[in-house]
Structure formats: C-alpha cells, structure tokens
Amino acid sequence: MKAERRERARRIGRLIAAARKRKGWSQDQLNLRLRQLCVQFGVDPTTYDNVKGKISRWENGKRIPDQHSRRLLALALDVRPETLGLPLDPLDDWPT
C-alpha cells in the first residue's frame, strides 16, 4: 500500500509542476499567488508560512496537498483539482 501512495504522490507532483510551468511560474511565484489567495479568502496566511517548502515537497512527490491546499492550489493554477490528480471534495462547488 505504501508503494501505491508514493507513486500517487509522484504523479500528483508531476502534474502540479507541469501546471505551474505552463503558467511560466517559478515556485516563488506560485508561493506568492497562494499567499494572495489566503488573504483574499480569509485563510490565515501563517498556515502557509512555509508554503515554498510545501510546494517543493508536493512537486517532488514527498507529500500530497491537504484539502485546503488543494483548493487554493487549483485556484492559483486556474485548473480543477482533478486535473492535478487530486480528488474533488463532494462539498466543493466547482463549475462543471
């Protein structure tokens, strides 16, 4: 089971990195956009103090973004969460 999770994390990481690169952004630029979204949506930005480290861990397949991060990440990259290989929360109201 661990091997499956590791492979899933790597696949998600590749999709996140590809989406970021399609926008022409560095990890720093994605970090800035995520922090802007925190302010815009009233999420405590201190939750994302070390977001650059999180971005690196996501892209390297070391971690999978949590539910809050999934939403912000998808918004920042202008994609739906499932485009990044991330499951959609049934309570999310994403346009179809």
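Source: prediction; values computed, not measured. (Residues numbered from 1 in each chain as written. Predicted model: local features only at pLDDT ≥ 70, side-chain atom pairs only at ≥ 80, totals over all residues. Heavy atoms only, no water.)

Chemist: I keep staring at helix α2 (residues 27-41) and nothing clicks. Help me out?
Modeler: Each full turn of the α-helix corresponds to 3.6 residues, which orients residues three or four apart in the same direction. The terminal C-alpha atoms of α2, which comprises 15 residues, lie 21 Å apart, in line with the 21 Å expected from a rise of 1.5 Å per residue. Taken as a whole, α2 has its buried residues at L30, N31, L34, L37 and C38. Down the axis, α2 shows its buried residues gathered within 125° of arc, on one side only. Set apart from the buried face of α2 by more than 90 degrees, the exposed residues are L32, V39 and Q40. Residues of α2 that are buried sit in contact with α1 (2-22), α3 (51-59) and α4 (67-77). (Helix = DSSP H or I, 4+ residues; strand = E, 2+ residues; numbered from the N terminus. Expected span 1.5 Å × (residues − 1). Buried < 20%, exposed > 50% of the residue type's maximum accessible area, 1.4 Å probe, protein only. Arc of directions from axis to C-beta. Contact = heavy atoms within 4.5 Å.)

Chemist: What am I meant to see in unusual backbone geometry here?
Modeler: In the Ramachandran plot, D78 falls in the positive-phi region, its phi being about 55° despite a non-glycine side chain. Along the chain, the position of D78 falls in the segment after α4. Classification of D78 as exposed rests on a relative accessible area of 59%.

Chemist: What exactly am I supposed to notice about the side chain of E59 here?
Modeler: Position of E59 relative to the elements: it lies in helix α3. Given a relative accessible area of 13%, E59 falls into the buried group. A polar contact of 2.6 Å, which involves the side chain of E59, links it to the side chain of R20. Engagement of the side chain of E59 in a polar contact is seen with the side chain of Q27, the distance being 2.9 Å. (Polar contact = N/O pair within 3.5 Å; in protein donor to acceptor, adjacent residues only side chain to side chain.)

Chemist: Honestly, the packing of aromatic side chains in this entry has me stumped. Any pointers?
Modeler: We describe a pair of aromatic rings using the distance from one ring centre to the other and the angle between the two ring planes. Per the counting criterion, the structure on display carries zero aromatic pairs. Seen from the ring of W25, K23 lies directly overhead, with NZ or CZ sitting 4.9 Å from the centre. (Phe/Tyr/Trp six-rings, centres within 6.5 Å; stacked < 30°, edge-to-face > 60°. Lys NZ or Arg CZ within 6 Å of the ring centre and 35° of its normal.)

Chemist: How should I be thinking about the pattern of salt bridges in this particular structure?
Modeler: Side chains carrying opposite charge are able to pair once their charged atoms draw close together. Within this structure, the stated rule accounts for five salt bridges. Between R14 and E7 there is a salt bridge, and its shortest N-O distance comes to 3.4 Å. For R14, a relative accessible area of 48% gives the class partly exposed. A residue is classified by how much of its surface remains accessible, and E7, at 38% relative accessible area, is partly exposed. Between D78 and K23 there is a salt bridge whose closest N-O contact spans 2.9 Å. Taken together, the positions of D78 in the segment after α4 and K23 in the loop between α1 and α2 put the pair 55 residues apart, joining distant regions of the chain. On the accessibility criterion, K23 (32% relative accessible area) is partly exposed. Beyond isolated ion pairs, a larger network of salt bridges with shared partners links E7, R10 and R14. (Salt bridge = Lys/Arg side-chain N within 4 Å of Asp/Glu carboxyl O.)

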